[in-house]
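Each chain is listed here by its residues.
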Amino acid sequence: MRTAGSAILVIMALVLAAVAGPSLWLQRNVVDQDGFVALAGPLGGDKEFQESLTTLLSGQAAASLNLPSFLNKLAVEIINSAAQNIYSDPGYPQAWSETLQRSHALTFAAAGKSEVAEDLQLDLAPLVDLVAAKVTADVGATVPIPKEVVVGMEQPQIARALPLAVTLGGWSGWMVFIAVDLLALGVIVARRRALTVVASGVGLGIVALLWLLASGAAQRYLSALVLGPGSATQIGAQVAELARDSWQGGITLTFVLAGVVAAVGVASLVVGRRRTT
């Protein structure tokens, strides 16, 4: 009876841990605004991403900036040139961070985060501000700047999944706590505790392996993300790559923890056998 009860407790702990790990990552890197900015921040310095962003930014800026009528023919060239040059502007890193913050708020803040809009939102206003400043400097005329330049990313299926991410993220800490308690309880009630510890370590290693396999599938799925009509699909691929790289740290740590747990169990078995001989 104790053996069966211990096995059930350990299995429950491992299943819960399998869910708790990704949930904790979601909370820290997607749901939390600072975590999201830290995750996506390096994307702003990627040359390939900047090329794609320039195309998107030029189109939005041309539609949003109220240029004087005599500049209509030159507008496209002026805006394209300005958009291409903002990445060397000292204000670009802050504008990119603010873009991520505002975009995150637009997507998650609806109804106190209990609901989200039916799309992912990208607010380019901070970057358009830089473009407008460049245009103003080039043409010598003040350019009116819109307060919001919001682009729909046309990903309603991902937007609809965000409430689940918020819920899982909110419960992630409790799930980790309960999983640890269940695992400890499973070891305590076991007849052969050392063997149970070894099995727990092996099980935790299997969980980490499942995460590794799932991360590859998730990356392939997110690689299909497209930032609006006509934008390069590489943007979605780069976001997916950043997410996978971020998650690798947690997977590696879990593999190490699994090895330590299994080693402790093996050491306990060896010590136990020596005492009985």
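Below is a short write-up of the structure. Predicted model, so just to flag it, every value in this text is computed and none were measured.

1. Thoughts on the packing of helix H1 (residues 2–31) against helix H2 (residues 33–40)
- Across the interface, H1 lies against H2 with an axial gap of 5 Å and an inter-helix angle of 80°. Between H1 and H2, the angle falls in the class roughly perpendicular. Packed against H1, whose contacting residues are Trp-25, Arg-28, Asn-29, Val-30 and Val-31, the element H2 presents Gln-33, Gly-35, Phe-36 and Leu-39 at the interface.
- Split into classes, the residues belonging to the contact of H1 with H2 amount to five nonpolar, three polar and one charged.

2. Comments concerning the packing of aromatic side chains
- Scanning all chains against the criterion turns up four aromatic pairs.
- Here the aromatic rings of Trp-174 and Phe-177 are separated by 6.1 Å at their centres, their planes lie at 90°, and the arrangement is edge-to-face. With Trp-174 and Phe-177 both in helix H7 (residues 156–189) and three residues apart, this pair spans about one turn of that helix.
- Since its relative accessible area comes to 52%, Trp-174 is described here as exposed.
- With a centroid separation of 5.1 Å and an interplanar angle of 55°, the aromatic rings of Trp-211 and Trp-247 are classed as tilted. Pair noted here: Trp-211 is in helix H8 (residues 193–222) and Trp-247 is in helix H9 (residues 234–276), with a separation of 36 residues, a long-range link.
- For Trp-211, a relative accessible area of 10% gives the class buried.
- We classify Trp-247 as buried; its relative accessible area is 13%.

3. Some points on the packing of H2 against helix H5 (residues 92–108)
- With their axes 9 Å apart at the nearest point, H2 and H5 run at an angle of 135° to one another. With respect to each other, H2 and H5 are oriented oblique. With respect to the hand of their crossing, H2 and H5 are arranged in right-handed fashion. Between H2 and H5, the contacting residues are Gln-33, Phe-36, Val-37 and Ala-40 on the first element and Trp-96, Ser-97, Leu-100, Gln-101, His-104 and Ala-105 on the second.
- Taken together, the residues of the contact of H2 with H5 break down into six nonpolar, four polar and no charged.

Reading guide: rules and limits
- Residues numbered from 1 in each chain as written.
- Predicted model: local features only at pLDDT ≥ 70, side-chain atom pairs only at ≥ 80, totals over all residues.
- Heavy atoms only, no water.
- Axes fitted to C-alpha atoms, helices over the stretch in contact; angles between N-to-C directions.
- Helix = DSSP H or I, 4+ residues; strand = E, 2+ residues; numbered from the N terminus.
- Parallel < 35°, antiparallel > 145°, perpendicular 65-115°, else oblique.
- Contact = heavy atoms within 4.5 Å.
- Nonpolar A, V, L, I, M, F, W, Y, C, P; charged D, E, K, R; others polar.
- Phe/Tyr/Trp six-rings, centres within 6.5 Å; stacked < 30°, edge-to-face > 60°.
- Buried < 20%, exposed > 50% of the residue type's maximum accessible area, 1.4 Å probe, protein only.
- Left-handed = near helix turned anticlockwise from the far one by under 90°.

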